[in-house]
Amino acid sequence: MHIRSGPATLLAGIILLFVALVFVAGCTNSSPQTPPTTPVYTPKTTILIGSSSVNPQILVVDRGVTVTWLNNDMGRHIITSDAGTPESFTSPLLENNHRYQFTFTVPGTYGYHCADNAGIKGTVIVNK
């Protein structure tokens, strides 16, 4: 068997090497992985909104904590603070699986309710 050599063979070898390097580079991922876009919820700071109530109905947190309301109901809800709370808040219209977050910076007791269903209500107690 006779192996041919010359400029054409050298060029073909270089092209083949280049194609192999491009293929290998495309198969590796050197960039850091990004975290999932799905929010992570913790029972200590999340209030689940149902069709007739919230869970938990009373949540105790420290000042500076962000609380998340997550709508688990097929209906839509607007969560709003009761009159006289240390700070007022109102969520946008929450569709199913949508969430609203509020960071409590002033200690006190915060009553809240659903604007469309007064039976859906709860309390957040913020410690100093």
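Shown above is the structure to which this text applies.
Values in this document were obtained by computation on a predicted structure and should not be read as measured data. (Residues numbered from 1 in each chain as written. Predicted model: local features only at pLDDT ≥ 70, side-chain atom pairs only at ≥ 80, totals over all residues. Heavy atoms only, no water.)

Draft legend 1. The arrangement of unusual backbone geometry in detail. With an omega of 0°, the peptide bond running from asparagine 55 to proline 56 counts as cis. With respect to the element layout, proline 56 can be found in the loop between strand S2 (54-55) and strand S3 (58-62). You will see that asparagine 97, though not glycine, has its phi angle at about 70°, which is positive. For asparagine 97, the position within the fold is in the loop between strand S5 (79-81) and strand S6 (99-103). The class of asparagine 97 is exposed, set by a relative accessible area of 52%. (Helix = DSSP H or I, 4+ residues; strand = E, 2+ residues; numbered from the N terminus. Buried < 20%, exposed > 50% of the residue type's maximum accessible area, 1.4 Å probe, protein only.)

Draft legend 2. Region of the structure containing the sheet that holds S6. Strand order across the open sheet formed by 4 strands is S2-S1-S4-S6, with mixed pairing between neighbours. Single-partner strands in this sheet number two, and they are S2 and S6. (Pairing = 2+ DSSP bridges.)

Draft legend 3. Looking closely at the pairing of strand S8 (residues 121-127). Only one face of S8 is buried: it carries Gly122, Val124 and Val126, and the other face, with Lys121, Thr123, Ile125 and Asn127, is open. Between strand S7 (residues 108-114) and S8, which follow one another and run antiparallel, lie 6 residues.

Draft legend 4. Quick look at the packing of aromatic side chains. By the definition in use, this model includes 9 aromatic pairs. Ring geometry for tryptophan 69 against phenylalanine 89: centres 5.3 Å apart, planes inclined by 35°, an arrangement best described as tilted. Of this pair, tryptophan 69 sits in strand S4 (residues 66-71) while phenylalanine 89 sits in the loop between S5 and S6, and the two are 20 residues apart along the sequence. When its relative accessible area of 0% is taken as the criterion, tryptophan 69 is described as buried. The class for phenylalanine 89 is buried, based on a relative accessible area of 4%. (Phe/Tyr/Trp six-rings, centres within 6.5 Å; stacked < 30°, edge-to-face > 60°.)

Draft legend 5. Focus on the side chain of aspartate 73. Relative to the helices and strands, aspartate 73 resides in the loop between S4 and S5. One buried charged residue, aspartate 73, remains without a salt bridge, the closest side chain of opposite sign being arginine 76 at 9.6 Å. At a separation of 3.4 Å, a polar atom in the side chain of aspartate 73 contacts the main-chain amide nitrogen of glycine 75. Excluding residues within four positions of it along the chain, aspartate 73 makes contact with Ile49, Gly50, Ser51 and Asn96. (Lys, Arg positive; Asp, Glu negative; His and termini not counted. Salt bridge = Lys/Arg side-chain N within 4 Å of Asp/Glu carboxyl O. Polar contact = N/O pair within 3.5 Å; in protein donor to acceptor, adjacent residues only side chain to side chain. Contact = heavy atoms within 4.5 Å.)

Draft legend 6. Focus on the environment of alanine 115. On the secondary structure map, alanine 115 appears in the loop between S7 and S8. Relative accessible area serves as the criterion here: at 46%, alanine 115 is assigned to the partly exposed category. In the structure, alanine 115 is positioned 35 residues away from threonine 80 in sequence and 6.5 Å away in space, judged by C-alpha atoms. Not counting residues up to four positions away in its chain, the partners in contact with alanine 115 are Ile78 and Thr80.

Draft legend 7. A look at the sheet that holds S5. Pairing in this open sheet of 4 strands is mixed, and the strands run S3-S8-S7-S5 from one edge to the other. Each end of this open sheet is capped by a strand with a single partner; those strands are S3 and S5. Strand-to-strand twist in this sheet, taken as the mean axis angle between neighbours without regard to direction, amounts to 25°. Relative to S8, S7 runs antiparallel, the two sharing 6 bridges. Pairing of glycine 108 across the sheet is with valine 126, part of S8. (Axes fitted to C-alpha atoms, helices over the stretch in contact; angles between N-to-C directions.)

So yeah, pure geometry; function would need other evidence.
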